[in-house]
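# Coordinate analysis (summary)
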Amino acid sequence: MKSENTYFDLAVSLFKEEEYSLTEEDLYRLKNLVGEAANEAEVRARVAAVIKNAEKRHMESLFFVVMSGEYERYTLFDLDISDFTID
């Protein structure tokens, strides 16, 4: 069985591969999320679920960004606390 730190490092690398920026708060939430994982496959599934939540939220917001013209203040690679809520 791999250590929690190994799973955490894997999760961080998966987010970086997808070009997500991680704040200190995101890292804290991620550590809690990964701490509950039993194996590498579960870590990958949890990260995929968080990314899916973020992408869904971003697609819902994209229309409003385009209409408001606030492109510089908006990024598709930030996470929100709600993204870490998975089933």
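Scroll up to find the structure this text is about.
Attention in this report is confined to the structure presented alongside it. Quick caveat: nothing in here was measured; it's all calculated off a predicted structure. Along each chain, residue indices are assigned from 1 in the same order as the chain's sequence is written. Thresholds applied to this predicted model are a pLDDT of at least 70 for local features of residues and 80 or more for the giving and counting of side-chain atom pairs; totals over whole chains, interfaces and linings are not thresholded and use all residues. Values reported for side chains reflect all heavy atoms of the structure, with hydrogen atoms and water molecules removed beforehand.

On to the overall build of the chain. Counting secondary structure elements, the chain contains 3 helices and 0 strands. For the chain, the proportion of its 87 residues judged to be buried stands at 29%. Every residue pair with non-hydrogen atoms within 4.5 Å of one another is taken to be in contact. Contacts spanning at least 24 positions in sequence make up 66% of the contacts within the chain whose residues lie at least 6 apart. When the accessible surface of the chain is summed, it comes to about 6,000 Å², and 54% of that surface belongs to carbon and sulfur atoms. What counts as a helix is a DSSP run of H or I of at least four residues, what counts as a strand is a run of E of at least two, and both are numbered from the N terminus. Partly exposed residues are those whose accessible area sits between 20% and 50% of the maximum for their type, while under 20% is buried and over 50% is exposed, using a 1.4 Å probe and protein chains only. Surface exposure here means Shrake-Rupley accessible area, sampled with a 1.4 Å probe, where a residue is shielded only by the protein chains that are shown.

This paragraph deals with the packing of aromatic side chains. Stacked, tilted and edge-to-face are the three classes assigned to paired rings of Phe, Tyr and Trp, where Trp is represented by its six-membered ring and a pair needs centres within 6.5 Å; plane angles under 30 degrees give stacked, over 60 edge-to-face, the rest tilted. Applying the stated criterion to the full structure yields 1 aromatic pair. Aromatic pair F15 and Y20: ring centres 6.1 Å apart, planes at 80 degrees, arrangement edge-to-face. Only when the NZ atom of a Lys or the CZ atom of an Arg is both within 6 Å of the ring centre and within 35 degrees of the ring normal do we say a charge sits over the ring. The lysine or arginine in question, K31, covers the ring of F8, its NZ or CZ lying 4.9 Å from the ring centre.

Keep in mind that these numbers describe shape and distance, not what the molecule does.
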